[in-house]
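What follows is the residue order along each chain.
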Amino acid sequence: MQTDSNFDLDNFLPYQLAVVAGRASKAFSEIYSAEAGLTVPEWRIMAHLLKAEAVSVREIHLRTDLDKPKVSRASDRLEAEGLLVKKVNPRDRRLVELSLTPAGRALMMKLIPLANQFQQKLLEQLGGDAAAFRAALSRMMDDSK
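Cut-off values and rules
- Residues numbered from 1 in each chain as written.
- Predicted model: local features only at pLDDT ≥ 70, side-chain atom pairs only at ≥ 80, totals over all residues.
- Heavy atoms only, no water.
- pLDDT = per-residue confidence, 0-100.
- Helix = DSSP H or I, 4+ residues; strand = E, 2+ residues; numbered from the N terminus.
- Core = buried A, V, L, I, M, F, W, Y, C linked by side-chain atoms within 4.5 Å.
- Buried < 20%, exposed > 50% of the residue type's maximum accessible area, 1.4 Å probe, protein only.
- Contact = heavy atoms within 4.5 Å.
- Phe/Tyr/Trp six-rings, centres within 6.5 Å; stacked < 30°, edge-to-face > 60°.
- Pairing = 2+ DSSP bridges.
- Axes fitted to C-alpha atoms, helices over the stretch in contact; angles between N-to-C directions.
- Parallel < 35°, antiparallel > 145°, perpendicular 65-115°, else oblique.
- Nonpolar A, V, L, I, M, F, W, Y, C, P; charged D, E, K, R; others polar.

### Examining the confidence of the model for the protein chain
Inference 1: Per-chain confidence: the protein chain averages 91 in pLDDT, with 96% of residues scoring 70 or above.
Inference 2: Averaged pLDDT values over the elements of the protein chain bottom out at 86 in helix α3 (residues 57–64) and peak at 97 in helix α5 (residues 102–126).

### Some points on the nonpolar core
Inference 1: Residues Leu-38, Ile-45, Met-46 and Leu-49 are the most contacted members of the largest nonpolar core, which totals 24 residues.
Inference 2: Looking at this core, the elements that each hand over two or more residues are α1 (13–36), α2 (40–50), α3, α4 (68–80), β3 (96–100) and α5.
Inference 3: Residue contributions to this core peak at five residues, all from α5.
Inference 4: When sequence neighbours within four positions are dropped, the list of residues in contact with Met-46 reads Leu-38, Leu-78, Leu-83, Leu-100, Gly-104, Leu-107 and Met-108.

### Considerations on the packing of aromatic side chains
Inference 1: Counting across every chain of the model gives five aromatic pairs.
Inference 2: Relative to Trp-43, the ring of Phe-28 has its centre 5.1 Å away and its plane inclined at 80 degrees; by these criteria the two rings are edge-to-face. Of the two residues, Phe-28 sits in helix α1 while Trp-43 sits in helix α2, which places them 15 residues apart along the sequence. A single burial state applies to Phe-28 and to Trp-43, both of which are buried.
Inference 3: Aromatic pair Tyr-32 and Trp-43: ring centres 5.1 Å apart, planes at 15 degrees, arrangement stacked. Placement of the pair is Tyr-32 in helix α1 and Trp-43 in helix α2, with a sequence separation of 11 residues. Pair check on accessibility: Tyr-32 and Trp-43 agree, each one buried.
Inference 4: Ring pairs connect the aromatic residues Phe-28, Tyr-32, Trp-43 and Phe-118, which therefore count as one cluster.

### Remarks on the sheet that holds β3
To summarise the sheet geometry, strands pair through backbone hydrogen bonds and adopt either a parallel or an antiparallel arrangement.
Inference 1: Sheet architecture is open: three strands sit in the order β1-β3-β2, paired in antiparallel fashion. Each having just a single partner strand, β1 (55–56) and β2 (84–88) make up the two edges of the open sheet.
Inference 2: With two bridges joining them, β1 and β3 adopt antiparallel strand pairing. Of the residues in β3, the one forming a bridge with Val-55 is Leu-98.
Inference 3: With respect to the sheet, α4 is in contact with β2 and β3, its orientation differing from that of β2 by roughly 115 degrees.

### Points about the packing of α5 against helix α6 (residues 130–143)
Helix-helix packing is characterised by the crossing angle of the two axes and by the distance between the axes.
Inference 1: One can describe the packing of α5 onto α6 by two numbers: an axis separation of 8 Å at closest approach and a directional angle of 110 degrees. What the angle tells us is that α5 and α6 run roughly perpendicular. Every residue of α6 that contacts α5 at Gln-119, Leu-123 and Leu-126 is listed here: Ala-130, Phe-133 and Arg-134.
Inference 2: Taken together, the residues of the contact of α5 with α6 sort by class into four nonpolar, one polar and one charged.

Have a look at this one:
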């Protein structure tokens with residue numbers, strides 16, 4: 001098997017995106033983990049639920065890029081902590097809907113300013129390229145649907 005000697009992994013865009021995303025996620029997870037003891041899946045679920053009344057586990061799985069077992073385990077722990085409630089959808093009993101409790105919503109209101117501060121630091125790193133970078137990311141995210 002012949003390989004292309006011109007391939008440079010460090011300059012391969014999918015690799016760069018994965019590394020940057022992983023580093024940003026890890027850095028931010030250290031903040032909300034220290035503040036609230038949440039894991040990455042727990043944060044993603046709660047952040048998604050913050051903008052919705054009730055969401056199915058299936059939809060969270062699709063929108064957060066977490067596999068279904070991770071969503072289930074994280075939502076079980078959040079439910080045990082009193083941060084979310086699970087309810088069987090009355091129209092389709094196969095669907096379980098999740099929603100934040102008042103305690104879950106209050107916790108998110110405490111974490112959102114930290115998220116905004118973290119995002120602001122990332123945007124400052126991008127400087128004058130921030131708007132173009134965000135526009136390009138939006139296009140890429142729209143194309144991946």
